[in-house]
Amino acid sequence: MKIFTVLLGLCLVFVFVWERVDMVRIGYQIERLKRDKTVLERQRDELRVQFSSLSASNRIAKLATEQLGMSLPQQGQLILVQSRPSGTPPTDFAAAPVRVARNYLPSRRD
Amino acid sequence: MAGSGSRVRRYVLMLVLLGGFVLVLFRLVTLQVLRAEELSVRADRQHQKTVSLEGPRGTIVDRHGKVLAMNMEVPSVFGIPTTLESPAKAARQLSSILSVKVAELEKKLQQDRSFVWLARKVDPEQGRRLDRLSLDGIGVVMEGRRFYPKGPLLSHVLGFAGMDGDGLEGVEHRYETYLRGEKRMMVLQRDALGRTVFPKNLAERNPVPGHQLTLTIDEVVQYIAERELEDAVTRSRAKSGTIIVLDPETGAVLAMAVSPRFDPNTVSNLSPDRWRNRALTDAYEPGSTMKAMIAAAAIEEAAMKPTTLVFGEHGRMTVANTVIHDHEKLGWVSFAQAIQKSSNIGAAKAGMVLGEQRLYRYLQAFGFGQRTEIDLPGEGVGLVKSPSAWGRRSVASISMGQEIGVTPIQMVTAVAALANGGVLMRPYVVSEIRDAEGHLLRRVPSQVRRRVVSPETARSVTKILEGVVTHGTGAKAAIPGFRVAGKTGTAQQIDPGTRRYSNSRFVTSFVGYVPADHPRLAMIVIIDAPHDKNASGGSVAAPVFSSVGEQVLSYLGVSSGEPVTLAMAVPNS
């Protein structure tokens, strides 16, 4: 009986100590994961800023005009018409705009 | 004898043990009870670290979620001069990475101090290069830096945040309480090596980031407005320019462009004059654009009808011993024609029929002389004197847009009221506020300030303003396939030398809306002091209205609804 009591006591002490040690170990693990998370968040933010910067309208327009030789449509060259799905009566169709280029006008580059 | 000796030894041993226990007990009571508080504090100080953490500043995005301003953690570089072996060598190595002069760095590193900033908030790449260098006595800490990835785009509306992360101008300043991250003190446990183990209180939460603002601004519309404005200002060699594009139904600002622009990423070396949002702060004499509102007031009060005949005095009329001129010598014309020809005499006569009190009431009703309550800082009220301060010519002068100061935002808001059927809306730039996880906290509704004129009057004025574009002074504002309503303005500026109206310095403007029957855009274009003495609103500002309007309508997918004959159509998929 005495031996059983001593063993039980030792077990309790062991569980207590193991729990404390494990808490510290998990604490370190959490901190390491937090640091990893911070690094990844920084990378994400950096990429977001880069993406936003690279997709800026003025940059795209500059690339289009200077590198690809594109030019803005002149006034009147770009018009919108509404397409009518086949089979629908002219009066009650859901208007869906379609962009078309009126290409019989001379472009700015001409 | 032997038994008594053994007993004595036992007693002595017991006494010694008892004494030992008493000593231990005494020590225990001293440590655990009497000095418990003091020792506990000392222990906490050794293995606890209190840090102040601040959540990052919130992001600002346009109406489609495109990032316009956001925070990013970037390295700040510091030195510990007392631990450096060779400041000169360290300065040489750092100089190329930080792009700072060697002498400047060396001077800092030779100071007798334990901490000195070498460069704050540098680019992440510089930080990585510095890490690879791994210099003793040089350290890096991460700090939040505000980035404006679109550069100068929308700079006057966004404003900027300072080095400490405080919003100093524009939306950054106005919405400071929403954008700023929450500050929180956290107590962390640390081990013998100083490494953080875990928070003392596991229930402690990380600091909350600032809220995200969604603007009513559309990046593409803003880009179109800025590009066309820059072109126009450069072409006309003007001093500055402004374009505001509104949704007239809601008052939502789609674009607000001011020239010259600035880059909020590098604002420290610019004067405040450069970042002032002239669209809100600067009052100008509107000139003939005011006639649109005078026409609306006169028609609403039945003082005039569009068909009422007005005598143009052949371009010359004397009021209070001063002469009012028209650029076109008109005889008898309808009131509508007088406005379309931008007749000063016609507008002055309408103002005189209205009288001082009614004229003043309508100026106030259209929002002149008061803030539009737009959610941006620094808005001016303009200059509208009360009738008691008016002179004998004031009614005529105000009716043709002189003796009155208005801001561009006031003028476009007033014209938007004519576009939407007579209701003055509150202009606004922030449409939604969300928390960092994207949950909607507040949606800003459009806000009606008051009804100014009836829908019938608004329709009548729209017809008159359409005539300005079809056969009046604003012909160059026309957009193929669309009905445009608007009014030109060419206001003389006061010459600071003579303190009289200058014949060579003008504020040229065009304000209008399109499509006239179902307006999607209300827009004002102001070109300040173009370098041409023959410049006018019709020749300088109206073409910009047309160009911006056509591109924006196309971008928004607004079709004219008119039948179109195409030689060859190619879908632009």
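Data block above holds the structure.
Residues numbered from 1 in each chain as written. Chains lettered and ligands numbered in written order. Predicted model: local features only at pLDDT ≥ 70, side-chain atom pairs only at ≥ 80, totals over all residues. Heavy atoms only, no water.

A. Molecular detail of the overall build of chain A. Secondary structure assignment for chain A yields two helices and two strands. Put simply, chain A has 110 residues, and 15% of those count as buried. Contacts spanning at least 24 positions in sequence make up 34% of the contacts within chain A whose residues lie at least 6 apart. Of the roughly 8700 Å² of accessible surface on chain A, a fraction of 64% belongs to carbon and sulfur atoms. (Helix = DSSP H or I, 4+ residues; strand = E, 2+ residues; numbered from the N terminus. Buried < 20%, exposed > 50% of the residue type's maximum accessible area, 1.4 Å probe, protein only. Contact = heavy atoms within 4.5 Å. Areas by Shrake-Rupley, 256 points an atom, 1.4 Å probe, with all protein chains shown as cover.)

B. Inspection of helix H17 (residues 408-419) of chain B at higher detail. All names here are of chain B. Relative to the 16 Å expected for 12 residues at 1.5 Å per residue, H17 spans 16 Å between its end C-alpha atoms, a close match to the ideal helical length. By the criterion of burial, H17 is predominantly enclosed, with 12 of the 12 residues buried. Of the positions making up H17, those classed as buried are Pro408, Ile409, Gln410, Met411, Val412, Thr413, Ala414, Val415, Ala416, Ala417, Leu418 and Ala419. Immediately downstream of H17, the backbone of glycine 421 shows phi near 100°, a positive value. (Expected span 1.5 Å × (residues − 1).)

C. Examining the pattern of salt bridges more closely. All names here are of chain B. Using the criterion set out here, one finds 35 salt bridges over all chains in the structure. Between arginine 358 and glutamate 301 there is a salt bridge whose closest N-O contact spans 3.1 Å. With a gap of 57 residues between them, arginine 358 in helix H15 (residues 356-365) and glutamate 301 in the loop between helix H12 (290-300) and strand S11 (309-311) connect regions that are remote in the sequence. The partly exposed category is assigned to arginine 358, whose relative accessible area is 25%. When salt bridges that share partners are traced, they join Arg57, Arg146, Asp166, Glu172, Glu176 and Arg180 into one network. (Salt bridge = Lys/Arg side-chain N within 4 Å of Asp/Glu carboxyl O.)

D. Representation of the side chain of serine 397 of chain B in the model. Structurally, serine 397 of chain B can be placed in helix H16 (residues 394-399). If we ignore the near neighbours within four places in the chain, the residues touching serine 397 of chain B are Gln402 and Glu403 of chain B.

E. How the structure looks around a nonpolar patch on the surface. Residue and element names in this part refer to chain B. A surface patch of nonpolar side chains, amounting to about 570 Å² of accessible area, comprises Val24, Leu25, Leu28, Val29, Val33 and Leu34. With respect to the helices and strands, leucine 25 occurs in helix H1 (residues 2-34). On the basis of relative accessible area, leucine 25 is assigned to the exposed category, the value being 54%. (Patch = residues over 30% accessible without salt bridge, like charges linked within 9 Å, V, L, I, M, F, W, Y side chains within 5 Å.)

F. Structural context of the packing of aromatic side chains. Residues and elements named next belong to chain B. In this structure the tally under the stated criterion is nine aromatic pairs over all chains. A centroid spacing of 6.3 Å and a plane angle of 90° characterise the contact between phenylalanine 160 and phenylalanine 262, whose relative ring orientation is edge-to-face. Taken together, the residues phenylalanine 160 in the loop between helix H6 (155-158) and helix H7 (170-174) and phenylalanine 262 in the loop between strand S10 (253-259) and helix H10 (272-275) connect sequence positions 102 residues apart. Given a relative accessible area of 4%, phenylalanine 160 falls into the buried group. With relative accessibility at 3%, the residue phenylalanine 262 sits in the buried group. Between arginine 120 and the ring centre of tryptophan 117, over which it is positioned, the NZ or CZ distance is 4.9 Å. In this structure, arginine 174 is placed above the aromatic ring of tyrosine 175, and the distance from its NZ or CZ to the ring centre is 5.3 Å. (Phe/Tyr/Trp six-rings, centres within 6.5 Å; stacked < 30°, edge-to-face > 60°. Lys NZ or Arg CZ within 6 Å of the ring centre and 35° of its normal.)

G. Structural detail: unusual backbone geometry. Residues and elements named next belong to chain B. In this structure, the amide linkage connecting serine 259 to the following residue, proline 260, adopts the cis form with an omega of 5°. Within the secondary structure layout, proline 260 lies in the loop between S10 and H10. In this structure, proline 515 follows valine 514 across a cis peptide bond, with omega equal to -15°. When you line up the elements, proline 515 lands in the loop between strand S20 (501-514) and strand S21 (521-528). Within the chain, histidine 314 stands out as a residue other than glycine whose phi angle is a positive 50°. Residue position: histidine 314 is located in the loop between S11 and strand S12 (316-319). Given the relative accessible area of 51%, histidine 314 is considered exposed.

H. Molecular detail of the sheet that holds strand S9 (residues 240-246) of chain B. Residues and elements named next belong to chain B. Spatial ordering of the open sheet is given by S10-S9-S21-S20-S19, a layout of five strands whose pairing is antiparallel. Lying at the two open borders of the sheet, with one neighbouring strand each, are S10 and strand S19 (485-494). The average undirected angle you get between the axes of adjacent strands in this sheet is 10°. Pairing of S20 with S21, which is carried by eight bridges, proceeds in the antiparallel orientation. When the sheet's bridge partners are listed, valine 507 is paired in S21 with aspartate 528. Helix H18 (residues 455-471) rests against S19 and S20 of the sheet, and its axis sits at about 70° to S19. (Pairing = 2+ DSSP bridges. Axes fitted to C-alpha atoms, helices over the stretch in contact; angles between N-to-C directions.)

I. Region of interest: the packing of helix H3 (residues 87-98) of chain B against helix H5 (residues 124-133) of chain B. All names here are of chain B. At a closest axis distance of 10 Å, the pairing of H3 and H5 adopts a crossing angle of 155°. The angle between H3 and H5 places the two elements in the roughly antiparallel class. Crossing handedness for the pair H3 and H5: right-handed. On the side of H3, the interface is formed by Gln93, Leu94, Ser96, Ile97 and Leu98, while H5 contributes Gln126, Arg129, Leu130 and Leu133. (Parallel < 35°, antiparallel > 145°, perpendicular 65-115°, else oblique. Left-handed = near helix turned anticlockwise from the far one by under 90°.)

J. Just the environment of phenylalanine 262 of chain B, in detail. C-alpha separation for the pair phenylalanine 262 of chain B and arginine 274 of chain B, spaced 12 residues apart in sequence, amounts to 6.9 Å. Setting aside its immediate chain neighbours within four residues, phenylalanine 262 of chain B contacts Pro152, Ser155, His156, Phe160, Val267, Leu270, Arg274 and Trp275 of chain B.

K. Representation of the pairing of strand S13 (residues 322-325) of chain B. Residue and element names in this part refer to chain B. For S12 and S13, the ladder comprises four bridges, and the chain directions are antiparallel. Bridge pairing in S13 links methionine 317 to isoleucine 324. Counted along the chain from S12 to the antiparallel partner S13, the turn is two residues long, and its residue alanine 320 has a positive phi close to 50°.

L. Inspection of the nonpolar core at higher detail. Residues and elements named next belong to chain B. One finds Val171, Met256, Met293, Phe366, Phe368, Met411 and Leu418 to be the most contacted residues of the largest nonpolar core, which totals 86 residues. When residues of this core are sorted by domain, at least three fall in each of domain 1 (52-96 + 116-215) and domain 2 (219-556). Non-local contacts of valine 171, meaning those with residues more than four positions away in its chain, are made with Ile60, Val157, Leu158, Gly159, Leu179, Leu213, Leu215, Leu376, Val429 and Val430. Grouped together as the second largest cluster of nonpolar side chains are 36 residues, Val221, Ile243, Val514 and Val544 included. (Core = buried A, V, L, I, M, F, W, Y, C linked by side-chain atoms within 4.5 Å. Domains from an automatic or database assignment.)

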